[in-house]
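Chain and residue survey
Here are the chains, one letter per residue:
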Amino acid sequence: MAVQGFPIVEVAVTVFRCEGRLLLVFNAGWGAFTLPMTKRRQETQPQHPHAPRNEAWDDAAMRNSGECLGRTSTAVPTLACEVTEWLQSDRDGKVKRFSFQVYVVDLPGSEAFPPGLIAEWLLPEEVLDERRRPISPTARFLVGRLQAEAALHA
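Quick notes on the rules
Residues numbered from 1 in each chain as written. Predicted model: local features only at pLDDT ≥ 70, side-chain atom pairs only at ≥ 80, totals over all residues. Heavy atoms only, no water. Core = buried A, V, L, I, M, F, W, Y, C linked by side-chain atoms within 4.5 Å. Buried < 20%, exposed > 50% of the residue type's maximum accessible area, 1.4 Å probe, protein only. Helix = DSSP H or I, 4+ residues; strand = E, 2+ residues; numbered from the N terminus. Contact = heavy atoms within 4.5 Å. Polar contact = N/O pair within 3.5 Å; in protein donor to acceptor, adjacent residues only side chain to side chain. Expected span 1.5 Å × (residues − 1). 1 Å grid on protein atoms, 1.4 Å probe; cavity = no way out; pocket = protein on both sides within 12 Å on 5 of 7 lines; lining within 4 Å. Points joined across faces, edges and corners; volume = space filled by probe spheres on them. Nonpolar A, V, L, I, M, F, W, Y, C, P; charged D, E, K, R; others polar.

Topic: the nonpolar core
Judged by nonpolar contacts, the single largest core of 22 residues is most densely connected at Val13, Leu24, Leu35, Phe100, Val102 and Leu142. When residues of this core are traced back to their parent elements, those giving at least two are β2 (6–18), β3 (21–27), β8 (78–88), β9 (95–106) and α3 (137–152). Filtering out sequence-adjacent residues up to four positions away, Val102 remains in contact with Val13, Val15, Thr78, Leu79, Ala80, Cys81, Leu142 and Leu146. Phe16, Cys18, Leu23 and Leu107 belong to the second largest nonpolar core, which has 11 residues in total.

Brief notes about the environment of Ser65
Structurally, Ser65 is set in helix α1 (residues 57–69). Look at Ser65 and you get buried, because its relative accessible area is 3%. Taking the C-alpha atoms as reference, Ser65 lies 9.5 Å from Ala75; in sequence the two are 10 residues apart. Polar contacts involving the side chain of Ser65 include one to the main-chain carbonyl oxygen of Arg71, which spans 3.3 Å.

Things to note about α1
Counted at 1.5 Å a residue, the expected span for α1 with its 13 residues is 18 Å, and the 19 Å between its end C-alpha atoms agrees. Listed in full, the buried residues belonging to α1 are Trp57, Ala60, Ala61, Met62, Arg63, Asn64, Ser65, Cys68 and Leu69. Looking at the buried positions of α1, the neighbouring elements they touch are β2, β3, β5 (37–39) and β9.

Let's talk about the layout of surface pockets
One water molecule sets the probe size; rolling that probe over the atoms shows where empty space is left. What the second largest pocket holds in volume is close to 220 Å³. Taken together, 13 residues line the second largest pocket, and the ones lying closest to its centre are Arg17, Val104, Leu146, Gln147 and Ala150. Every element with two or more residues in the lining of the second largest pocket is listed here: β2 and α3. The element contributing the most residues to the lining of the second largest pocket is α3, with 5 residues. Looking at side-chain class alone, the lining of the second largest pocket contains 8 nonpolar, 3 polar and 2 charged residues.

Quick notes on the side chain of Thr138
Positionally, Thr138 belongs in helix α3. The contact partners of Thr138, leaving out residues within four places of it in the chain, are Met37 and Phe100.

Right under this line is the structure:
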């Protein structure tokens, strides 16, 4: 999909929250800690190969549970905000229109991470602290937007 010659990237972001802290996972490809996020998939059904459909946003968001927490979940993700921005990709340097759907999932307790996952629980202020590195600019941007949304509804 493209707009004015620029690609549109649909990204589901899952903010796992526990006792006021947010889960940031290390993304080796980016070389930084970030919020769990994944591109929304286009699914093709065998009976309709020429009519792909988009994965449900909340399904994409909960894929992060399996990928990051290493387990299934019955938690219901809550849509916290939608953010559409023109951003330059840190991966390939191209300008793209990113459409983020940011979901929050409250967890009852910070449980052990699956083997091999490099992750950290941080307060939102810690994520936004520019001195704390390496944290991806996208994670900082989205946490800032979440705080702005929370302030609007307070």
